[in-house]
Amino acid sequence: MKKLLEELTQTSGISGEEKEIRALIRKEIEPYADEITVDVMGNLIARKGKKKVGGKRLMISAHMDEIGLMASHIDERGFVYVAAIGGVSPLTCFGARVRFTNGTEGVIYAETSKMEKVPTIAQLFIDVGATSAEDCPVKVGDTAVFVRPFLDLGNRMVSKAMDDRIGCLVAIETLKSIKKSPNEIYFVFSTQEEVGIRGARTSAYAIDPEVGIAVDVTLSADTPHGDQGNPVLGGGPCIKVRDGSLIAHPKVIAAMKKAGKNAGVETQMEVLRFAGTDAGAIQLVRSGVPAGCLSIACRYVHSPSEMVDLKDVKDAILLLTDLASKPIELSLDGIEG
Amino acid sequence: MAKKANQSIKLPLIDQEALSLLEKLSNAVGVSGSEGEIRTIIKQELESCSDQISVDTLGNLIAVRHATVKNAPRVMIAAHMDEVGFMLVDKDEDGIFKFQKVGGIDDRALAGKAVQVGKNHAPGVIGACPVHLSTPAEREVIMKSDSLRIDTGPGSKDLEVGDYGSFATKFHQLGSSLCGKALDNRIGVATLIQLFKNAPDSIELIAAFTVQEEVGLRGAETSAFNLMPDFAFVIDCTPANDQQAWDKSENTLYRTRLGHGPAIYTQDSRTLYDRRLIKFVTGLAQEHGIKVQLRQPASGGTDAGAIHLTQHGIPTLSISVPGRYAHTAAMVIRKSDWEDYLQLMTIVLQNINSEILTEERP
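Undergrad: Teacher, can you tell me more about the overall build of chain A here?
TA: Scanning chain A from N- to C-terminus turns up 7 helices and 18 strands. The C-alpha radius of gyration of chain A comes to 20 Å, within 12% of the 20 Å expected for a compact globule of 337 residues. Each principal axis of the C-alpha distribution contributes one length, and for chain A these read about 65 × 45 × 40 Å. Restricting the contact set of chain A to residue pairs at least 6 apart, pairs at least 24 apart contribute 76%.

Undergrad: Can you help me understand the overall build of chain B in this one?
TA: Across its full length, chain B carries 8 helices and 17 strands. The globule rule puts the C-alpha radius of gyration for 362 residues at 21 Å, and the 21 Å found for chain B is close to it. C-alpha atoms of chain B, sized along the principal axes, occupy 65 × 50 × 40 Å. Across the 362 residues of chain B, 48% fall into the buried class. Of the contacts formed within chain B by residues at least 6 apart in sequence, a portion of 77% connects residues at least 24 apart.

Undergrad: Would you mind going over the sheet that holds strand 6 (residues 114–117) of chain B with me for this structure?
TA: Pairing between the strands of a sheet comes from backbone hydrogen bonds, and it takes one of two forms, parallel or antiparallel. Judged by pairing direction, the barrel is antiparallel, and its 6 strands sit side by side in the order 4-5-8-7-6-9 (chain B) before closing back on the first. Averaged over all pairs of adjacent strands, the angle between their axes in this sheet comes to 45 degrees, without regard to strand direction.

Undergrad: Could you clarify how one ought to interpret the domain arrangement of chain B in this entry?
TA: Many analyses report the size of an interface as the accessible area lost when the parts associate. All names here are of chain B. Segmenting chain B into domains produces domain 1 (16–83 + 181–357) and domain 2 (85–167). Between the C-alpha centres of domain 1 and domain 2 there is a distance of 31 Å. In terms of residue class, the side of domain 1 that touches domain 2 is made up of 4 nonpolar, 4 polar and 3 charged.

Undergrad: What exactly am I supposed to notice about helix 4 (residues 199–207) of chain A here?
TA: Residue and element names in this part refer to chain A. The buried fraction of helix 4 is high, at 7 of 9 residues. The set of residues buried in helix 4 consists of Gly 199, Ala 200, Arg 201, Thr 202, Ser 203, Ala 204 and Ile 207. Close packing links the buried residues of helix 4 with strand 2 (44–48), strand 3 (57–63), strand 12 (184–190), strand 13 (211–219) and helix 6 (278–282). Positive phi shows up at Asp 208, right after helix 4, with a value of about 55 degrees.

Undergrad: Looking at this structure, how should I read the domain arrangement of chain A?
TA: Residues and elements named next belong to chain A. We note that the domain assignment places domain 1 (2–66 + 160–325) and domain 2 (68–147) within chain A. Distance between the C-alpha centres of domain 1 and domain 2: 31 Å. In this assembly, 11 residues from domain 1 lie in contact with 13 residues from domain 2.

Undergrad: Can you walk me through the interface of chain A and chain B in this structure?
TA: With 27 residues of chain A in contact, the opposing surface of chain B contributes 20 residues. Listed by contribution, the elements that provide at least two residues to the side of chain A that touches chain B are strand 4 (68–74), strand 5 (80–85) and helix 4 of chain A. When residues in the side of chain A that touches chain B are grouped by element, the largest group, 4 residues, is from helix 4 of chain A. Looking at the side of chain A that touches chain B residue by residue, the class counts come to 12 nonpolar, 8 polar and 7 charged.

Undergrad: What am I meant to see in helix 1 (residues 16–27) of chain B here?
TA: Residues spaced three or four apart along an α-helix point in a common direction, a consequence of the helix completing one turn every 3.6 residues. The end-to-end C-alpha distance of helix 1 of chain B is 16 Å, a good match for the 16 Å that 12 residues give at a rise of 1.5 Å each. As for helix 1 of chain B, its buried residues are in contact with helix 2 (36–46), strand 11 (177–180) and helix 4 (183–197) of chain B.

Undergrad: Explain the pairing of strand 3 of chain A to me, please; I cannot follow it from the model alone.
TA: Across a regular strand the side chains alternate sides, sitting on one face of the sheet and then on the other. Residues and elements named next belong to chain A. Among the 7 residues in strand 3, 6 count as buried, and that is most of the element. Two elements, strand 3 and strand 12, share 7 bridges in a ladder whose sense is parallel. Looking across to strand 12, one finds that Ser 61 is bridged to Val 188. Here strand 3 runs beside strand 13; their pairing, made up of 4 bridges, is parallel. Each residue of the ladder has a partner; that of Leu 58, found in strand 13, is Val 211.

Undergrad: I would appreciate a short explanation of the pairing of strand 12 of chain A in the present structure.
TA: All names here are of chain A. Among the 7 residues that make up strand 12, 7 are buried, leaving the element largely enclosed by the rest of the structure. Here strand 12 shows two buried faces, one formed by Glu 184, Tyr 186, Val 188 and Ser 190 and the other by Ile 185, Phe 187 and Phe 189. Taken together, the 5 bridges between strand 2 and strand 12 define a ladder with antiparallel strand orientation. Bridge assignment links Ile 45 to a residue of strand 12, and that residue is Val 188.

Undergrad: Got a minute to help me understand the packing of helix 2 (residues 19–29) of chain A against helix 3 (residues 162–177) of chain A in this structure?
TA: Packed helix pairs are specified by the crossing angle of their axes together with the interaxial distance, meaning the distance between the axes. Residue and element names in this part refer to chain A. At a minimum axis separation of 10 Å, helix 2 and helix 3 run at an interaxial angle of 20 degrees. Judged on the interaxial angle alone, helix 3 and helix 2 are roughly parallel. Between helix 2 and helix 3 lies a crossing whose hand is right-handed. Listed contacts from helix 3 to Ile 25, Glu 28 and Ile 29 of helix 2 are Cys 168, Ile 172 and Leu 175. In terms of residue class, the contact of helix 2 with helix 3 is built from 5 nonpolar, no polar and 1 charged.

Undergrad: Would you take a moment to explain the packing of helix 6 (residues 275–288) of chain B against helix 8 (residues 335–351) of chain B for this structure?
TA: Residues and elements named next belong to chain B. Where helix 6 contacts helix 8, the two axes come as close as 10 Å, and the packing angle between them is 115 degrees. Considered as vectors, helix 6 and helix 8 are oriented roughly perpendicular to each other. The element helix 6 and its partner helix 8 pack so that their crossing is right-handed. Residues Val 281, Leu 284, Ala 285 and His 288 of helix 6 lie in contact with helix 8, whose contacting residues are Leu 344, Ile 347, Val 348 and Asn 351. Residue composition of the contact of helix 6 with helix 8, grouped by class: 6 nonpolar, 2 polar and no charged.

Undergrad: How should I be thinking about the confidence of the model for chain B in this particular structure?
TA: The predicted coordinates of low-pLDDT regions are not to be read in fine detail. All names here are of chain B. When pLDDT is averaged along chain B, the result is 94, and 98% of the positions lie at 70 or above. Here residues 1–7 is modelled with pLDDT under 50, and outside its nearest four sequence neighbours on either side it reaches 8 contacts, counting other chains as well. Per the prediction output, this complex has pTM 0.93; the corresponding ipTM is 0.91.

Undergrad: Hey, could you run me through the nonpolar core in this one?
TA: What tends to happen in soluble globular proteins is that the nonpolar side chains get buried as a cluster. By size, the foremost hydrophobic cluster in this structure holds 125 residues, and its most contacted members are Val80(A), Ile77(B), Val189(B) and Leu192(B). Ignoring any residue separated from it by four or fewer positions in sequence, one finds Val80(A) in contact with Ala71(A), Ile74(A), Gly106(A), Phe125(A), Ile126(A), Val128(A), Cys136(A) and Val138(A). If you look at the next biggest cluster of nonpolar residues, it comprises 72 residues, including Leu24(A), Val158(A), Cys293(A) and Leu320(A).

Undergrad: Sorry if this is basic, but what is going on with the sheet that holds strand 9 (residues 143–147) of chain A here?
TA: Residue and element names in this part refer to chain A. A barrel is described by the order of its strands in space; here 6 strands give the closed sequence 4-5-8-7-6-9, paired in antiparallel fashion. Shown here is a sheet whose adjacent strand axes are inclined to one another by a mean of 45 degrees, direction ignored. Pairing between strand 4 and strand 9: 2 bridges, direction antiparallel. Across the sheet, Met 70 pairs through a bridge with Thr 143, a residue of strand 9.

About the cut-offs
- Residues numbered from 1 in each chain as written.
- Chains lettered and ligands numbered in written order.
- Predicted model: local features only at pLDDT ≥ 70, side-chain atom pairs only at ≥ 80, totals over all residues.
- Helix = DSSP H or I, 4+ residues; strand = E, 2+ residues; numbered from the N terminus.
- Rg over C-alpha atoms; globule rule 2.2 N^0.38 Å.
- Contact = placed C-beta atoms within 7 Å.
- Buried ≥ 20, exposed ≤ 12 C-beta atoms within 10 Å, placed from the backbone.
- Pairing = 2+ DSSP bridges.
- Axes fitted to C-alpha atoms, helices over the stretch in contact; angles between N-to-C directions.
- Domains from an automatic or database assignment.
- Nonpolar A, V, L, I, M, F, W, Y, C, P; charged D, E, K, R; others polar.
- Expected span 1.5 Å × (residues − 1).
- Parallel < 35°, antiparallel > 145°, perpendicular 65-115°, else oblique.
- Left-handed = near helix turned anticlockwise from the far one by under 90°.
- pLDDT = per-residue confidence, 0-100.
- Core = buried A, V, L, I, M, F, W, Y, C linked by C-beta atoms within 7 Å.

Spelled out as structure tokens, the structure:
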């Protein structure tokens, strides 16, 4: 599993250009899916099973895009100025290395001697070893992702793009482990989540699911001066109650709790005051979809070194497999307030 | 660069007729939510050459020209009709009105500007305390729109709260540049009218003149849902901030540059543009020797933001004419950019085909 995670995280897939990561995931899931399609937005959609009595159309979405940079100007000395694609913090950029889609690598810096506060993205430049605009191999509009090798720390694993290749891994392994289910399950490896939850929206429209579940990372709070008590790495997969884009459907929460019990795994409840996941878009398509999110606690989100715990990942796969393999009860009867 | 002779396509030029149409469109008033005047002009222009022409619930004008071949791609081109402006919100005595901005206008671009308000375009001016009577400290502070008033002079009885206003600049030429109010996006409207009149038979062309773009891409959202084309192009006017910096340092944040041709979008706040279409359009431009530029990736948005996420998704590209001083009383565009733009879009429509989508999105 670690080997697959290493491959998933090290493969490029900036928002809007997910071709490489899509090809890798496709190869991995092809033997296990009944039907695979790619839509207009580049979402990879794998169907498993047909709806049977008591079953539902279930959409499980993990976004395959990652944050990165896009060249906005090449100056006369060959330095590349950039715009952010997704939530890139300039703080994590100093000395970081990037690789453009055409293979060119470079280092990010800014004129720190003139700097009194954290620079904006527009003040950063990438040095790709060029000496003029003419000999610079990068052109305006070219995109780049961060370069940072996969680090195996035993129970903990670190890489760029753990957000959300860890969700992709959970979805892939769940797809592999489902033996029998009354549900018609659509595994969506979605695009453009980091720039505004876009791929999930159009794919959910096409699938028209009866239940939607996103699998994504959430910010852990267990660093030295973390600002909230929950969640923690190793505390089990997180059942999201709300974030900036979603108040999870109570019955989806209940189904996750039940699946956690069935699978014998510890879970933690998650409340995030901001941010959003694919579930935020899924819940609002057409006439509305009951939606929730299973999260993996992650440290240093949106830095080139995002850390997750192996046990959380394994338990998330067990939970999601149980959930997807059984009928899902959605009636709000008996739920008060 | 010499333009390559092409036997099949006669490339249009910006002639006096085109300029007159743009002048008429620029001088007409159509602030978001009140696009009737613009709609009327477009209807007059297109009624005789449309197979279908209709106005939807929000006020979008949709004109369709059918293809003469079977299974032709359905191509939507959207150009928003609305412009930024004002709305009267409170009436004082003597024709003095409190107002709010409609769409994004910088407060610094308001004081002292001539405006026109109400259905009859009553002249007015945005008044402010003169330099003689203000203190140095006051002059350091930007005058906010809610502290300014529109002065229409006494006797303007037919004006009431809720009436719209716009800048009153008349269209004129500045050398080889063109200057006017609302060139964002009457330049797109004028271009779409021309493209529609000369549409090729190989596609079903759906011209969507949209409403309320400046207040949140609203008309585009409903029209795209209804039309669901195979492709969408959004033609608009995009800001250029291309003058040299005061200290002569290299300008790295110009967005687009006048005289560098139509600006093709790669990314903005609302959209990551379909690279299959970017490749298709830049390839055609190169082949035909038409100058194009890639707009710098940055914030902002066009109707594409709403269109590309419609239903299960629509492959969409925005291409704009670069313009200086956007959303002020006087926007400036270059005539040569407009001509390149019209020619590029003409070639795009002649060549577009469904094969572009057989390759998966990168």
